[in-house]
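This is what each chain is made of:
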Amino acid sequence: APGGKAAHIAALMNNSGVLLANDINSRRLPALSANLHRLGVANCILLNSDAVRFADSSSFPNFPRPDKILLDAPCTGTGIIQRDPSAKNRTMREVKRAAFLQKRLLRTALELVKPGGTVVYSTCSLTLEENEAVVNSVMQSAKKGDSDKDSLSAEVKVLPLNFKLGHPGITWGPSGALHPSLRNCRRVYPYDGYEEGLDGFFVAKLQRVPTRKELKRRKDKKSNSVGRIPAASTMRVPTDEEIEAIRQTLEDFIDSTKFLSERKEQLVIIDNRVYCSQDQVRIFAEGHVRKHVEAIGIKIGRFTSTTKPKAPRFSFEITALELFAKYARTRVYLDLPGSKSFLYGNNVNDEHRVLMVTRSENGSAYLLENCENASVIVYAVTHDSLRNNITIERFFERPEKYVPIGFGFLKTQTKSFEDKQPHKVTIDTKISLRNIGDLGQYLRAEDLLH
């Protein structure tokens with residue numbers, strides 16, 4: 001956390017489609033963005049906005065109706081007592097304040113979601129006022145058809161959930177009976193999963209029932225042709241000079257010509273940060289939320305200031321590792337001790353830690369002999385049986401056991417000298433691997449990777 005739910009949804013979507021992730025707390029954005037990059041989430045647009053404003057056409061014009069919405073609402077956190085004892089001290093004033101905001105957020109979500117779409121409402125609180133009472137209030141306002149701005153324009157149904165953990169939702173309260181369909185909600189108390197260390201939480205799955213008018217105009221208007229990003233936006237496409245700076249910087253590590261031929265149209269710049277996003281995600285962002293985007297797709301690096309006009313300077317970052325690994329020119333494979341040392345930001349000066357080097361130009365793979373100085377992508381070999389008596393054939397029997405962990409520069413020093421015995425030459429090769437960037441940066445410099 002943060003970003004666990006967004007990453008899980010991206011996995012369920014097979015990293016396709018468009019996923020909008022919003023957090024109103026700007027202090028959480030660096031960690032949230034870094035986690036999404038670390039997990040390879042490529043279909044996500046990260047926003048920093050008040051979610052209530054999503055229904056405001058002046059702030060978000062032409063905002064399309066999502067198929068599904070997960071509203072993990074801010075709450076008093078009374079379900080996490082076992083790891084935060086201070087939650088026991090929440091006051092009714094705090095509960096009521098949270099419930100007021102939760103009702104506004106839930107109404108907004110149900111207004112936004114497409115007719116027939118679903119909204120999952122969840123909290124880590126156990127109070128009735130923040131859970132069933134919130135859902136019941138929204139359902140009642142829709143049923144009455146109030147013209148008030150806080151009412152909902154569509155009917156809402158509570159759908160059954162496909163898991164049985166916990167207990168059914170509460171259908172009664174201090175003011176009397178609540179809607180009977182609230183039994184379809186689920187309440188999980190801390191003791192329900194104590195051995196697994198679960199927190200208490202509440203979840204409800206709601207469906208927006210289409211009105212007659214919505215059924216008649218079922219097909220929503222789509223605006224996929226959005227052209228270039230307007231100048232007023234913080235998003236923009238890279239210039240030719242910036243593309244060339246990216247190519248030159250990456251040339252030693254990857255086949256940058258191939259990378260740019262396949263990915264150039266997917267590159268987007270926000271401030272000085274460079275992202276690589278899927279076409280569908282980029283088009284969505286350009287057309288609908290361009291003024292509010294904090295991050296999009298996978299960050300590959302940033303431009304730094306330069307004193308030379310029209311000579312941008314680009315530096316890549318560890319967030320691009322998974323993407324760049326596919327285009328690597330030279331790969332270096334380390335054993336487990338060498339990998340651990342490398343992940344702490346250290347150089348690797350023990351040649352016994354380097355198991356193999358491979359090159360992509362000719363598909364060659366070789367051990368330490370014939371090794372040359374090169375900028376490399378570093379892999380960890382996680383299979384213990386490959387640490388001794390290694391051969392090229394055995395090495396590639398288990399490709400899933402090799403994990404990219406960073407960037408480096410492989411330096412070799414080869415000396416040859418004659419022994420006292422005539423015609424006998426000894427060759428001594430020293431190898432060192434300089435750390436240029438590694439996955440450990442997600443912990444050491446998380447706030448710089450968003």
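In what follows, the accompanying structure is described. Model, not experiment: these values are computed from the prediction. (Residues numbered from 1 in each chain as written. Predicted model: local features only at pLDDT ≥ 70, side-chain atom pairs only at ≥ 80, totals over all residues. Heavy atoms only, no water.)

### Remarks on helix α10 (residues 336–343)
Those residues of α10 not exposed but buried are G338, S339 and F342. Buried positions in α10, seen along its axis, are confined to an arc of 100 degrees and lie on one side of it. Capping of α10 at its N-terminal end is provided by D335; its side-chain oxygen lies 2.9 Å from the backbone amide nitrogen of G338. Following α10 by one or two positions, G345 adopts a phi angle in the positive range, close to 90 degrees. (Buried < 20%, exposed > 50% of the residue type's maximum accessible area, 1.4 Å probe, protein only. Helix = DSSP H or I, 4+ residues; strand = E, 2+ residues; numbered from the N terminus. Arc of directions from axis to C-beta. Polar contact = N/O pair within 3.5 Å; in protein donor to acceptor, adjacent residues only side chain to side chain.)

### Side note on the pairing of strand β17 (residues 330–334)
Most of β17 is tucked away: five of the five residues are buried. In the sheet, β17 pairs with strand β18 (residues 354–359) via five bridges, with the strands oriented antiparallel. Bridge assignment links T330 to a residue of β18, and that residue is R359. In this sheet, strand β20 (residues 374–381) lies alongside β17 in parallel orientation, the contact comprising four bridges. Each residue of the ladder has a partner; that of Y333, found in β20, is Y379. (Pairing = 2+ DSSP bridges.)

### Brief notes about the pattern of salt bridges
Taken as a whole, this structure holds 18 salt bridges when the rule is applied. Residue E111 pairs with R208 through a salt bridge whose shortest N-O separation is 3.6 Å. Taken together, the residues E111 in helix α3 (residues 92–112) and R208 in strand β10 (residues 201–209) connect sequence positions 97 residues apart. The exposure class assigned to E111 is partly exposed, which follows from its relative accessible area of 25%. The network of salt bridges with common partners includes E244, R247, E251 and R329. (Salt bridge = Lys/Arg side-chain N within 4 Å of Asp/Glu carboxyl O.)

### Concerning the nonpolar core
Among the nonpolar cores identified, the biggest contains 56 residues, and I45, L106, V135, V289, V293 and I296 are the most heavily contacted of them. Here the element with the most residues in this core is α3; it accounts for six residues. Here I45 is in contact with V18, L19, L20, A21, V281, F284, A285, V289, V293, A295 and I296, once residues within four sequence places are set aside. Listed in part, the 35 residues of the second largest apolar core include F303, Y327, L355 and V381. (Core = buried A, V, L, I, M, F, W, Y, C linked by side-chain atoms within 4.5 Å. Contact = heavy atoms within 4.5 Å.)

### Points about the environment of P2
Relative to the helices and strands, P2 resides in the segment before α1 (4–12). In this structure, the C-alpha to C-alpha distance between P2 and D23, residues 21 residues apart in sequence, is 9.6 Å.

### Focus on the side chain of R263
Among the structural elements, R263 can be located in helix α7 (residues 256–263). No salt bridge forms around the buried R263; measuring N to O, its nearest opposite-charge neighbour E262 is 4.9 Å away. Contact partners of R263, with chain neighbours within four places excluded, come to C276, L323, K326 and Y327. (Lys, Arg positive; Asp, Glu negative; His and termini not counted.)

### Section: the packing of aromatic side chains
Evaluated as defined, the whole model comprises twelve aromatic pairs. Judged by centre distance (5.4 Å) and plane angle (85 degrees), the rings of F259 and Y327 are edge-to-face. Highlighted residues: F259 in helix α7 and Y327 in the loop between α9 (321–325) and β17, separated in sequence by 68 residues. Both residues of the pair, F259 and Y327, belong to the buried class. Considering the side-chain rings of F316 and F324, the 6.3 Å spacing of their centres and the 70 degrees angle between planes classify their relative orientation as edge-to-face. Take F324: its relative accessible area is 1%, and that puts it in the buried class. Through successive ring pairs, a cluster of aromatic residues spans F253, F259, F316, F324, Y327 and F407. (Phe/Tyr/Trp six-rings, centres within 6.5 Å; stacked < 30°, edge-to-face > 60°.)

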